[in-house]
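Remarks on the overall topology
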Amino acid sequence: MLVVDVCKKLRDFEFAAALEAPCGVTVVVGPSGSGKSTLLRLVAGLLRPDSGSIVLDGRVLADERTFVPPFERNVGMVFQEYALFPHLDVAANVAYGLRARRAAPAEREKLVRRILDRLEIGELRGERVGELSGGQRQRVALARALVIEPAALLLDEPLSALDPLTRARVRDELRAILAGVDVPTLFVTHDQTDRAAFPARVVRIERGRLVAEAS
Amino acid sequence: MIRAATIVASLLLLAFIAIPLAGLFVHLSPAQLGSGLSSPTALTALRLSLFTTAISLVVTLALGTPLAYVLARGEFRGRRLLDAVVDLPIVVPPAVAGLALLLVFGRFGLLGPPLRALGVQLSFTTAAVVMAQVFVASPFYVRAARSGFVAVDRTLEAASATLGMGPLRTFAFITVPLAAPALLGGAVLCWARALGEFGATIMFAGNLAGISQTLPLAVYLNLENGDVTIATAISVLMIAISLATILVVRTYERT
């Protein structure tokens, strides 16, 4: 369970939202600039809230006294343009978080192989990320975020960088993958089709305020 | 008409630059070049130049890299002013830089008495050579490194953090490798500028063989003494190094 109740002053308005996300996907919708990415950045620890708290599975990530930095949160994030490391190949991108945890090389290798096979991109392991298609990049980004067994998963418009044709296919694949992910997952999108595709709880953000919606 | 004038103007300037440099090469026979470069003065100066520029490069990398990162990423008041201060030595005449160093670190300078109390004398030593080089050459590295860091996508650093890497390891594994071409180019340019340093060195460190007489100073002294062969031979060597530097920097800029 991810419990967010925070305020953060932004340039145009104040972000003030309370949200409870259980295991499984919660779709976060809203117009661009409404604070969707802000919510993810707050949960990831890339932004510091002005007040309020963020609690994940009983662990306080942020409140008045505590601020756990992003590198100690164990929260996986898939960025909008995927943010793959261009100087590393696919396997090294995916292994990055394991390297951060100082996993032994053999263990690293085993876990990377397992996640690449699970996402059916094992044959890409030696590729430079610059050579990949949009759909492939998205899977690598997902593999990189999942291999560390995060306590929560954040997806920032994971389909928006794709062309319309690829998008429909990747959306189906993503749905299948996320069905097997058993942690609180925030899926941010401004696309109605994406939203309809996920049989999930939907939360709407407008100018930094949350408006609950029925799924 | 305009076309012809453009071509003539371009050729005139190119010839004006190229002919004197080429003249240095044809002035000497290969044998004279060899004897000039193997003369004790030239060898001592070469050794000193390599030694001092290596140290000033290390000092510049160690202190300039954090500074460049702060200038690239920091958001604070006065950053533009700081930027300007860092660039200042590029436009300040080296002789003025040498005088400034002398007035602060010299025996009768601002910090002279406390330094003397500690038994340290800086002016007219090899340390002074290094200080003059760092003063004049480090901005070339800091500028290049700053642009290199600015060009690194901050989202990649954020991604590294969410994957569990702290700031230092993110810097080492993401920022530095991605800025590497700019860092290397800047380091080469900085080293070459330090190697050619003359004005600040002669003001602050003097012109003592084996202590402060670097290659450019040896050119000057040997010409003064009428040893044109040695002066020319060293000059040829320095032009070759400069040319190699430009080619290396161009290669890095392209990647």
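Predicted, not measured: the structure shown is a model, and the values here were computed from it.

Further remarks concern the overall build of chain B. In terms of helices and strands, chain B carries twelve helices and zero strands. Residue burial in chain B is summarised as follows: out of 255 residues, 38% are buried. Sequence separation of at least 24 residues holds for 77% of the intrachain contacts in chain B that already meet a minimum separation of 6.

All names here are of chain A. Covered by surrounding structure in strand β6 (residues 75-78) are Val-75 and Met-77 together with Gly-76 and Val-78, the residues of both alternating faces. Bridge count between β6 and strand β7 (residues 152-156): four bridges; the pairing is parallel. By the bridge assignment for β7, Val-78 is matched with Leu-155.

Looking now at the confidence of the model for chain B. Keep in mind that low pLDDT regions are not for reading the predicted coordinates in detail. All names here are of chain B. Averaged over chain B, the pLDDT score is 93; the fraction of residues at 70 or greater is 99%. Averaged pLDDT values for the elements of chain B fall to 87 in helix α12 (residues 228-254) and rise to 97 in helix α8 (residues 154-162). Our summary of model confidence lists the complex with pTM equal to 0.87 and ipTM equal to 0.93.

This brings us to the nonpolar core. One finds Val43(A), Val94(A), Ala143(A), Leu154(A), Met131(B) and Ala132(B) to be the most contacted residues of the largest nonpolar core, which totals 121 residues. Broken down by element, the residue count for this core peaks at 15 residues, all from helix α7 (residues 126-150) of chain B. Once residues within four sequence positions are removed from consideration, Met131(B) is found in contact with Leu101(B), Phe105(B), Leu122(B) and Phe204(B).

Residue and element names in this part refer to chain A. Residue position: Tyr-82 is located in the loop between β6 and α2 (90-100). For the pair Tyr-82 and Val-188, spaced 106 residues apart in sequence, the C-alpha separation works out to 14 Å. Each residue touching Tyr-82, except ones within four places of it in the same chain, is listed here: Arg-137, Gln-138, Ala-141 and Ala-161.

Next up on the list: unusual backbone geometry. One non-glycine residue, Asp57(A), lies in the positive phi region at around 50°. Inspection of the secondary structure puts Asp57(A) in the loop between β4 (51-56) and β5 (59-62). Even without a glycine there, the phi angle at Phe124(B) is positive, about 60°. In this fold, Phe124(B) is placed in the loop between α6 (112-117) and α7.

Moving on to the environment of Asp63(A). All names here are of chain A. Here Asp-63 is to be found in the loop between β5 and β6. Judged by local crowding, Asp-63 falls into the partly exposed class, with 15 C-beta atoms found within 10 Å. For the pair formed by Asp-63 and Pro-150, sequence separation is 87 residues and the distance between their alpha carbons is 21 Å.

Parameters at a glance
Per chain, residues are indexed from 1 in the order of the written sequence. The order in which chains are written sets their letters, starting at A; the order in which ligands are written sets their numbers, starting at 1. Predicted model: local features are reported for residues with pLDDT of at least 70 only, side-chain atom pairs are reported and counted for 80 or more only, and whole-chain, interface and lining totals are derived from all residues. For helices the rule is a DSSP run of H or I covering at least 4 residues; for strands it is a run of E covering at least 2, with both sets numbered from the N terminus onward. Field definition: a residue is buried when 20 or more other C-beta atoms are found within 10 Å of its C-beta, exposed when 12 or fewer are, and partly exposed for counts in between, with C-beta atoms placed from the backbone. Working definition of a contact: two residues with C-beta atoms, positioned from the backbone, lying within 7 Å. For two strands to count as paired, DSSP must find a minimum of two bridges between them. Per-residue confidence from the predictor is reported as pLDDT, which spans 0 to 100. In this description, a nonpolar core means buried residues of the types Ala, Val, Leu, Ile, Met, Phe, Trp, Tyr and Cys, linked to one another by C-beta atoms lying within 7 Å.

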